[in-house]
Amino acid sequence: MDLLQLSVEEMSRALREKQCTSVELTRAYLAEGKRRNPELNAYVLFTEEEALAQAEAADRRYAEGKSLSALDGIPCALKDIFNTRGVRTTCCSKMLERFVPPYDAVVVEKLRAAGVVFLGKTNMDEFACGGSTEHSCFGPTMNPVDPATVAGGSSGGSAAVVAGNMAAFSMGTDTGGSIREPAAFVGCVGLKPTYGRISRSGVTAMASSLDTIGHFTKTVGDSAMILQVLAGKDVMDSTTPDVPVPDYMKNIDKGVKGLKIGLPKEYFAEGVDPEIRDSVMAAAKVYESLGATVKEVSLPFTKYAVAMYYIVMPAELSANLARFDGIRYGSRPKQEGESIIDYYYNARAEGFGAEIKRRIMIGTYVLSAGYYDAFYNKALKVRTLIKQDFDRVFKEVDVLLTPTAPIPAFKPGDKINDPLAMYLADALTIPANASGVPAMSIPCGKTSAGLPIGMQLLTPQFTEGLLFQVGRAYEKAKK
Amino acid sequence: MQLTTEQVRHIAKLARLGLSDEEVKTFSTQLTNILQYVEILGEVNTDAVSPTNQVTGLANVSRSDVLHGNSASREDLLGCSELPVEQDQIRVKPVIE
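Residue indices begin from 1 for each chain and proceed along its sequence in written order. Naming scheme: in the order in which they are written, chains are lettered from A and ligands are numbered from 1. Only residues with pLDDT of at least 70 are given local features in this predicted model, and only at 80 or more are side-chain atom pairs given and counted; all residues enter the totals for whole chains, interfaces and linings.

*Asks:* Where do I start with the overall build of chain A in this structure?
*Replies:* For the purposes of this entry, the term helix denotes a DSSP run of H or I that reaches at least four residues, the term strand denotes a run of E that reaches at least two, and both are numbered from the N terminus. Assigned secondary structure in chain A consists of 15 helices and 11 strands. Over its C-alpha atoms chain A spans a radius of gyration of 21 Å, differing by no more than 12% from the 23 Å that the globule rule assigns to 479 residues. Dimensions of chain A along its principal axes, counting C-alpha atoms only, are 65 × 55 × 45 Å. Throughout, the radius of gyration refers to the C-alpha atoms, and the reference size of a globule is 2.2 Å times the residue count to the power 0.38.

Right, dumping it as structure tokens:
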């Protein structure tokens, strides 16, 4: 049994049936992580001692027949934006290079209670701002499939550890595509659930009306298993509606017969790599052969999503990052200056990287008196139209099928000096965040250069079960 | 829409963000490009459209004012600061002269 190739579902069974132990799994993933990390830079911290202690405890529970959950003893990695009690959490920013949180994020608590083993913290774009993990104070994460290309971002490290067999699954965050785009770049499954489905308490906020928590897995079934543990209302996050959490495995093998799948024409337009377009169209054919009806639909406001996002997101980001002033949170600057104002200037000048500064500047500008209505309020109204696109189209079809990213993984340095080009890589993922609907990226082939291609499935709010059902049907058909 | 270096410096001041002369120059060009790009929203007629601030439909969410089981202690939270702590407060430079 090759432990590194197992899905979480298979691992869970192997643990229950005593075919392997959590310590064996944990050691195998730590060893592979350490072997590949010098090249890939996916982990920014290994928590080996804690991981092995957790694994030993899980093995004792299995021996006594008292396992905590289906995820008990499974080794996972956390994006370095999830607060972990007593373990450095940097958001890959110099601003937080010495920050050790005094509490766990709610997601971390839930995983801990389920018996999950934490291998370490993964690399990301600083404060989750970027599409390539190049904006990390630890340097970029490279793609396990082709280490000459980036792993995407902002959750690049978490994507790379799953595709590179350095963790069984990993946690990430997705504000404009930060789980789905890297999942597409490295060739694994990336889930962005409905806005508010998973508590964000204890996860550093980027843009609060768009931020979601999600995960990377090898399979669709694994994604469902993990959401089962994490979904639900939480009193510590007032944006989590009290919507019941269904059994996500119940209908997962029901197939797609009779389902209506929409192909939004705007997602296949100019700017989408022809090889990516062809792969997703081929996936549509697979669905047809499985008994689904496929039809073209239209989401006419798609082309305004990036512009809307690059007003709303920086506005919220600039407000959220105001707390990093080197006083309550953030590094004390080397040069403190004369006055308290100088202290702020210096703390933020030294602590933030170029992309964060750029976005704080845009956010501050669009929220300033005189520009608020022209930019911010206008963008919020366009957001309404983008959301209404989805409300309307989901009366016509059950699920949407699109490319995840318009381009495959690129080489480091290709877009770093052209912020707008980098922003356009999010063009097909932003609308799901704008409207709050769940979306999942699934591998659907490779380019002629051998780079992974991802397809994106989208369904109405709080119908992740349907997302898994449709995703699993494709996965099974391709096996 | 052209953002001058003077405007860039003013925004940086509002954001309490120290910028080097080099950064001011770069941002003046880059922010201008981004702001020109977002002008595309001007094509959309939003006269009869109300803004979307959030997508949950929730309003006035409240909870009882009790400590969460996993809450950090006062000392732990004060410990997050790199500045000296005195009498449960963080010592900073004078705010009012």
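*Asks:* Looking at this structure, I do not really get the interface of chain B and chain A. What am I missing?
*Replies:* In many analyses, interface size is given as the accessible surface area lost on bringing the parts together. Contact between two residues is assigned when their C-beta atoms, built from the backbone, lie within 7 Å. On the chain A side, the residues contacting the 47 residues of chain B number 56 residues. Those elements that place two or more of their residues in the side of chain B that touches chain A are α1 (5–14), α2 (21–38) and α3 (74–78) of chain B. For the side of chain B that touches chain A, the leading source of residues is α2 of chain B, giving eight residues. Just so you know the grouping, Ala, Val, Leu, Ile, Met, Phe, Trp, Tyr, Cys and Pro go in nonpolar, Asp, Glu, Lys and Arg go in charged, and all remaining residues, Gly too, go in polar. Split into classes, the residues belonging to the side of chain B that touches chain A amount to 27 nonpolar, 14 polar and six charged.

*Asks:* Teacher, can you tell me more about unusual backbone geometry here?
*Replies:* Trans is the prevailing form of peptide bonds, just as negative phi is the prevailing case for residues other than glycine. Residue and element names in this part refer to chain A. At the junction of G153 and S154, the peptide bond is cis and its omega measures out at 10° in the coordinates. Note on placement: S154 falls in the loop between β3 (117–122) and α5 (156–163). You will see that C91, though not glycine, has its phi angle at about 55°, which is positive. Relative to the helices and strands, C91 is located in the loop between β2 (75–79) and α4 (106–113). The class of C91 is buried, set by 29 C-beta atoms lying within 10 Å. As a rule, residues whose C-beta atom has 12 or fewer other C-beta atoms within 10 Å are exposed, those with 20 or more are buried, and those in between are partly exposed; C-beta atoms are placed from the backbone.

*Asks:* What is the right way to read the environment of Y195 of chain A from this model?
*Replies:* Relative to the helices and strands, Y195 of chain A resides in the loop between β5 (189–192) and β6 (212–217). Once residues within four sequence positions are removed from consideration, Y195 of chain A is found in contact with T212 and G436 of chain A together with V55 and T56 of chain B.

*Asks:* Looking at this model, I keep getting lost on the environment of A477 of chain A. Mind explaining?
*Replies:* Tracing the backbone through its elements, the reader meets A477 of chain A in helix α15 (residues 464–478). The spacing of A477 of chain A and L317 of chain A is 160 residues in sequence and 42 Å in space, taken between C-alpha atoms.

Note that every value here comes from positions in space, so none of it alone points to a role or purpose.
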